[in-house]
Amino acid sequence: MDFLRPTNWPDALAAKAEHPDAVPIAGGTDVMVELNFDQRRPPVLLDLTAVDELAEWDADDGRVRLGAGVPYSRVITELGDRLPGLAMASRTVGSPQIRNRGTVGGNLGSASPAGDAHPALLAATDTEVEAASVHGNRRVPIGDFFTGVKRHALQPDELIAAVWITPPSGPQQFSKIGTRNAMVIAVCAFGLALHPDRRTVGTGIGSAAPTPIRAGAAERFLADALDEAGLWDSRGTLPDSLTHGFGQRVQDAAAPIDDVRGSAAYRRHALDVMARRTLGWAWADYRKAA
Ligand SMILES: Cc1cc2nc3c(=O)[nH]c(=O)nc-3n(C[C@H](O)[C@H](O)[C@H](O)COP(=O)(O)OP(=O)(O)OC[C@H]3O[C@@H](n4cnc5c(N)ncnc54)[C@H](O)[C@@H]3O)c2cc1C
């Protein structure tokens, strides 16, 4: 196996162009597991850890450009104020060691339906993945990025440069069910963001469909109901009918399977509960912020 270690971004893109079958490696917390278990034996490994540009984040014109190589531990410490939903999700990833190595770019590269960064990225709603090659950069809306189970929209000569996220203007929440509190792949997960500036709601469902997905009908139901009842302005108590209607529509959006981690029926039920709980927490924060 060849091992390439470019030290700058143009060289990394040139290497990917020359070796489209090269497997990029960032934190290695997914790639090394696959190599160790002999699930993958790529002809070329493309180590991106010496490309400093990938480990940077920036705020530009109200959006955060999060370099693909920024580890979860830095998302938590440096972006917890701007992107609390993503920071909450990051806190649930693996262990301190995994959070020091693992990256949001790597989570996207694996494109697992269970990736914990995905619900928060979806709930922010206009998140874009910046894909780059020697031919230039393009931005893929997060909703178009996941194309199937562990499949994504990158071309063979492309790498993920960064993720663009507009920090939601309202509270964000993340909830994950596992068989224990740490070092666990989600049985299912749910991310929620309120966008009071646009009077919209964003959601993200993890581990309950072939790809991470949004619950579009639930988002529209909640945003319209808040509007009709004047609740965006009054910040009054949420009626139970609204909370239950939201939970029901979130579970309806899922397409879960039975597997070793949980049954489809359990996942649907759990999503209903998580949707109602996260809405309650987010709404309490919204009321406090008045
Ligand atoms: C013990 C353990 C616990 C874990 N717990 C969790 C958890 O709780 N939640 C969770 O979501 N995940 C978990 N994971 C999985 C893993 O940590 C995450 O998916 C992490 O985000 C992967 O990031 P990485 O930088 O290590 O990626 P890598 O392993 O380096 O790469 C992952 C994939 O992304 C591709 N890739 C990496 N960078 C790029 C790039 N710039 N452009 C294009 N492709 C790229 C790689 O080729 C590979 O296909 C766990 C893993 C372990 C070993």
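Refer to the preceding data block for the structure.
Residues numbered from 1 in each chain as written. Predicted model: local features only at pLDDT ≥ 70, side-chain atom pairs only at ≥ 80, totals over all residues. Heavy atoms only, no water.

Enquirer: Requested: an account of the site of the ligand, with residues and values cited.
Expert: Taken together, 34 residues lie around the ligand, and P24, T29, D30, Y72 and T103 are the ones closest in. In the environment of the ligand, an oxygen atom lies 2.8 Å from a nitrogen or oxygen atom belonging to the backbone of G28. In this structure, an oxygen atom belonging to the ligand sits 2.6 Å away from a side-chain N or O atom of D30. When the ligand sits alone it has 990 Å² of accessible area, and the protein chains cover 88% of it. Secondary-structure elements contributing two or more residues to the shell around the ligand are strand 2 (23-25), helix 2 (31-36), helix 5 (96-101), helix 6 (104-110) and strand 10 (159-165). Counting residues per element, the shell around the ligand draws most heavily on helix 6, which supplies 4 residues. (Near = heavy atom within 4 Å. Polar contact = N/O pair within 3.5 Å; in protein donor to acceptor, adjacent residues only side chain to side chain. Areas by Shrake-Rupley, 256 points an atom, 1.4 Å probe, with all protein chains shown as cover. Helix = DSSP H or I, 4+ residues; strand = E, 2+ residues; numbered from the N terminus.)

Enquirer: Requested: an account of the pattern of salt bridges, with residues and values cited.
Expert: For the coordinates displayed, the defined rule picks out 17 salt bridges. For D227, the salt bridge is made with R199, and the minimal N-O distance between the two is 3.6 Å. Note that D227 is positioned in helix 9 (residues 216-228) and R199 in the loop between strand 12 (188-195) and strand 13 (200-206), a separation of 28 residues in sequence. R261 serves as the salt-bridge partner of D259, at 3.8 Å between the closest nitrogen and oxygen. Looking at D259, the relative accessible area reads 30%, which means it is partly exposed. A relative accessible area of 31% places R261 in the partly exposed class. (Salt bridge = Lys/Arg side-chain N within 4 Å of Asp/Glu carboxyl O. Buried < 20%, exposed > 50% of the residue type's maximum accessible area, 1.4 Å probe, protein only.)

Enquirer: Please provide a residue-by-residue account of the sheet that holds strand 3 (residues 44-47), values included.
Expert: Taken in spatial order, the 3 strands of this open sheet run 1-3-2, and their pairing is parallel. Across the chains shown, the open sheet's two edge strands, defined by having one partner strand only, are strand 1 (2-4) and strand 2. Averaged over all pairs of adjacent strands, the angle between their axes in this sheet comes to 25°, without regard to strand direction. By the bridge criterion, 3 bridges tie strand 1 to strand 3 in an arrangement that is parallel. If you follow D2 over to strand 3, its bridge partner there is V44. (Pairing = 2+ DSSP bridges. Axes fitted to C-alpha atoms, helices over the stretch in contact; angles between N-to-C directions.)

Enquirer: Please set out the nonpolar core residue by residue, giving values where relevant.
Expert: Counting 42 residues, the largest nonpolar core has W9, L66, L86, V104, L108 and L121 as its most contacted members. Counting 28 residues, the second largest nonpolar core, distinct from the first, contains I205, A223, L226 and Y286. (Core = buried A, V, L, I, M, F, W, Y, C linked by side-chain atoms within 4.5 Å.)

Enquirer: Just give me the short version of the packing of helix 3 (residues 72-79) against helix 4 (residues 84-91), but keep the residues and values in it.
Expert: The N-to-C vectors of helix 3 and helix 4 enclose an angle of 140°; their axes lie 9 Å apart at closest approach. In terms of axis orientation, helix 3 runs oblique to helix 4. Once helix 3 is placed against helix 4, the crossing between them reads as left-handed. Between helix 3, through Y72, V75, I76 and L79, and helix 4, the contact on the second element is made entirely by P84, L86, A87, S90 and R91. Tallied by class, the residues present in the contact of helix 3 with helix 4 amount to 7 nonpolar, 1 polar and 1 charged. (Parallel < 35°, antiparallel > 145°, perpendicular 65-115°, else oblique. Left-handed = near helix turned anticlockwise from the far one by under 90°. Contact = heavy atoms within 4.5 Å. Nonpolar A, V, L, I, M, F, W, Y, C, P; charged D, E, K, R; others polar.)

Enquirer: How would you summarise the pairing of strand 3 if you had to cite specific residues and measurements?
Expert: Judged by which residues are buried, strand 3 turns out to be covered on both faces: V44 and L46 on one side and L45 and D47 on the other are all buried. For strand 2 and strand 3, the ladder comprises 3 bridges, and the chain directions are parallel. Bridge pairing in strand 3 links P24 to L46.

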